[in-house]
Amino acid sequence: MTDLPVAAGPGRAPGGAVPGPIRRHDLMVTLNRATRGPVTIISAPAGTGKTSLLREWVGQPGQDSRIAFVTVRPGQRDMQLFWLTVLGAIRDAAEPGEGGARVPAVAPGLSGSAMVDKVLAELEEARDPFVLVVDDVHELSSPEAAEQLTALLLRMPPGVRAILATRRDLPLRLHKLRLAGDLAEVRAEQLRFTEQETCRLLAAAGIALPEPVAAMLYQRTEGWAAGLRLAVLSLAGHPEPERFVAEFSGSDRTVAEYLTAEMLDRQPPEVRRLLLRTSVLDRVNGELADLLSAGTGSEQILLDLEDANAFVVSLDPGRTWFRYHRMFAGLLRLELRRKMPADIAALHRLAARWLAERGHTADAIGHLQEAGDWDEAARMLTEHALSLTLDGQAGTVAALLHGFPARTDAESPDLTLVQAIAHQYQLHLDETDAHLREVRAYAASTPAARRHRMQVAIASVELLSARLRGHFESVIEQATALLSTDAGQTGAETGLSSDLKAVALLNLGVTEAWLLRLAESERHLVEGAVLARRVGRPYLEVACLAHLGFAFTGRSFAETRKRCEEALALADRHGWEAEPVAAPALATLANALIWTGQFDLAEHWLERARHATQVEGEPGVRLLVCLTSAISQAARGHGQRALDEFAAAARMQALMVSRHGLTTRVNAWTISTLARLGMTGQARAALTALDAPGAGGGETRNAAAVILLAEQDPAAARRELRVVLSDEVPVLSYLTYIEAHLLDALACRDLGEERACREAVEQALNLAEPERLILPFAMTGACQLLGAVARHGTSHAALVTDILDAVCGPERGGANRPLTMPVEKLSRSELRVLRYLPTNLTRREIAGELSVSLNTVDTHIRRIYAKLGAANRTAAVERGRELRLLSVGRT
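A. Highlighting the sheet that holds strand β9 (residues 321-324). Strands sit in the order β7-β9-β8 across an open sheet of 3 strands; the sheet is antiparallel. Both outer strands of the open sheet, β7 (284-285) and β8 (312-314), are each paired with one neighbouring strand and no more. Here β7 pairs with β9 via 2 bridges, running antiparallel. Note that in β9 the partner of V284 across the bridge is F322. Packing against the sheet, helix α15 (residues 298-307) makes contact with β7, β8 and β9, and its axis sits at approximately 105 degrees to β8.

B. Structural detail: the environment of G88. Mapped onto the elements, G88 comes out in helix α3 (residues 79-94). Residue G88 is classed as buried on the basis of its relative accessible area of 0%. Expressed as a C-alpha distance, the spacing of G88 and E122, which sit 34 residues apart in the sequence, is 9.9 Å.

C. Focus on the packing of aromatic side chains. Enumeration over the complete set of coordinates arrives at 13 aromatic pairs. Here the aromatic rings of W595 and W669 are separated by 6.3 Å at their centres, their planes lie at 45 degrees, and the arrangement is tilted. With W595 in helix α30 (residues 583-595) and W669 in helix α34 (residues 663-676), this pair connects stretches of sequence that are 74 residues apart. Classification of W669 by relative accessible area gives buried; the value is 6%. Each member of the aromatic cluster is reached from another via a ring pair, and the members are W224, Y258, F311, Y324 and F328. Over the aromatic face of F193 sits the side chain of R24, whose NZ or CZ is 3.8 Å from the ring centroid. We note R283 situated over the ring of W321; from NZ or CZ to the ring centre the distance is 4.2 Å.

D. Spatial organisation of the pairing of strand β4 (residues 130-135). Of all the 6 residues making up β4, 6 are buried; the element is thus mostly covered by neighbouring parts of the structure. Neither face of β4 is left uncovered, since the one carrying F130, L132 and V134 and the one carrying V131, V133 and D135 both have all their residues buried. Across 6 bridges, strand β3 (residues 66-71) lies against β4 in parallel orientation. Following the sheet pairing, R66 is matched in β4 by F130. Direction of pairing for β4 relative to strand β5 (residues 160-166): parallel, over a ladder of 5 bridges. Bridged to L132 within β5 is A162. The parallel pair β4 and β5, bridged by helix α5 (residues 145-154), forms a crossover whose chirality is right-handed.

E. Broad picture of the state of the cysteines. If you walk through the whole model with that rule in mind, you get 0 disulfides. Not engaged in a disulfide, the cysteine C564 finds its nearest cysteine sulfur in C544; these two sulfurs lie 14 Å apart. According to the relative accessible area criterion, C564 is buried, its value standing at 0%. With no disulfide of its own, C626 has C564 as its nearest cysteine by sulfur position, at a separation of 18 Å.

F. Fine view of helix α31 (residues 599-612). For α31, with 14 residues, the first-to-last C-alpha span of 20 Å sits near the 20 Å given by 1.5 Å per residue. Burial in α31 covers these residues: F599, A602, W605, L606, A609 and A612. The arc enclosing the buried residues of α31, seen along the axis, measures out at 135 degrees, which places them on a common side. Exposed residues on α31 whose side chains face more than 90 degrees from its buried face are D600 and H611. Packed against the buried residues of α31 are α29 (557-573), α30, α32 (619-635), α40 (775-780) and α42 (797-808).

Criteria and cut-off values
- Residues numbered from 1 in each chain as written.
- Predicted model: local features only at pLDDT ≥ 70, side-chain atom pairs only at ≥ 80, totals over all residues.
- Heavy atoms only, no water.
- Pairing = 2+ DSSP bridges.
- Helix = DSSP H or I, 4+ residues; strand = E, 2+ residues; numbered from the N terminus.
- Contact = heavy atoms within 4.5 Å.
- Axes fitted to C-alpha atoms, helices over the stretch in contact; angles between N-to-C directions.
- Buried < 20%, exposed > 50% of the residue type's maximum accessible area, 1.4 Å probe, protein only.
- Phe/Tyr/Trp six-rings, centres within 6.5 Å; stacked < 30°, edge-to-face > 60°.
- Lys NZ or Arg CZ within 6 Å of the ring centre and 35° of its normal.
- Right-handed = clockwise from strand over helix to strand, strands pointing away.
- Disulfide = S-S within 2.5 Å.
- Expected span 1.5 Å × (residues − 1).
- Arc of directions from axis to C-beta.

These values are about where atoms sit, not about what they do.
Written out as structure tokens, the structure is:
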């Protein structure tokens, strides 16, 4: 039989046979966009749905192109036969209805270039629009294939497009087309099913899986179309679908058969050997592959496999580390067990030794466990457990501990320390304490050097346990004692002492922050971050910096925001931006943004904080997240939601031994929210139930005033507030005074004392102006008073504008601020620029503060000068103060 390609042949299962077909709209949009140009190449591994995609594209509604579809048959070597088939497909498409594929007769002696010329001539005669589709181009095994295809693609006639689908990149010299924007490429990443498409595929096949199970199937297959389709076929009627998904891998019979035939059997023996022997690894590089395969040149083989879309994926920009697709890795491990079972333990030992020598400790321990070397794995884990924990891998320590047989724990007292760390990571603090007692007794009988390492680990675990319990006095006592002790150690022990000092500074600084001893917190956290950086502990550095933003809330919200952003940038560089270590910075950043009225942006960071905070994470951090969420809801007028979040914050306090510094605000704002919701009885009961700490402070007095206002007793409310405003009771910060002035203004309004009302609002604006604070006006409801203040003139017109815009929105806010001005009214944007003119900021710096262009600032300044009748910046500032658009003395 003649070895001819198949023209317009059907798609192949499983890549082309879709159980319960679904339309992949987004992917079709991608391909339609790609095929607008002359040449499109679809390059992806076997089973990714290339043929299905082409078939769907050809048959989509509204397709008005004439299409010649050619599928290259496996192992195609004769390029003349290939081109003859292409010619036949072109003629069939150009003149449909003539019946059958009209393949021209073989012409002996006709060169490849001559065949390309004939194809081009045929395409020239085709009526527009015309598309040549060639599927399975990788099956062209002739040495001349790439050169002849390049010649065709570079000389495509106008109005003719070409689409090529291949499993691997061919050496086509199309750089000129790429530079000219005439080459579009669709890769495996775009063909991969999304999680939503996975759910639709299951639904189309009539398979109902819980959402987490469907997500697990997606993760196991990595969106690989063939894997998903084979899974769907197996799931149909399966008695235990959830168990099937949990166990589904490349070792599944149907998947293994497909990958073996389409991928593994096509590799030469030396490549198969490398793939099988390195399948014990989660990631591999050239040197490690050489070691395990007892060969050379492994890095080039891995690079070639990735270029060939052979289920090998590089992990770094330099393409030095690689991993295998999960399904392919499952097949390789199955084949290794079948063909080289006696070598598996030795391969793991080789990998463990190589990884340990290069500092990949956790991976090395995992391979020792796989090899069954339990004693060596236990020794290494115990020795490195603290270091791994200080590098943010406490979860890894817990997972490695879980990998030991149950009997190993009893036979290895060393693992007791590891158990303490693992239980602490899981917040099983009673179990942690019990293991620590065992470790202390065991450490006393160990050699001096090892005893010192264990004592450092014990002290580190004890400090964190005390902090997680909210036992702040204990943390301060332990940390202070550690920091005042001169260990007098040298060498490796000095390093351990530096680690412990950094841990002590971190825990001390965090504890001081939660106690609102912000100056001391700042000092210790900065010192801890510097030390952590010096000793090479980036996780500890990020932990210090993530809490440092909160310590700066005692200075300014602008500085707080800056510090949080710096911490998050460092966390992002290490891949920890979504980890619990970043949660304090995320929550504090959201909190600062809420105070300055940037509610929508704050919600973005707050949502990230919620995700980063463990469900059973540190109560102090969770209290901050709940409180921030509560004030966000309160600022938007969602009183009941705010009340729920305040209650959640109170539950976090109940988990702590000591009193969190923010609990005073939680309690006061809970009472205020109850009163504003009309639940004055409950508010009074909550007020009466307050215990001594903070009960007589300014925050609580403000809450009592809110109750009195709700009970329509403004005179009594003013008496309560007078104690706060005359400094007769302690307050947490000046923020309490802003709230008190606004509540006083509301009381004056209710008493009909309009002038006193305006003066109280003006006092609040004076305090809020330096940081442009908006939250107090939103939470108290006092923003309703700003219209009257503006009508009578205020030195804070720009801030009033910002408050009304943030709380009411620009459109509703404008209706509430009828500013009386003897000149043409400044716009909101112009008012914002005006408030920066008294500062020393340059025009470019003002643009940066406002996140606008320099040209925009220049335009606003010109309009400000014109409207105020000013010739320069100084004159504009003076005129702004005369009109009370700026506060006097703002610099």
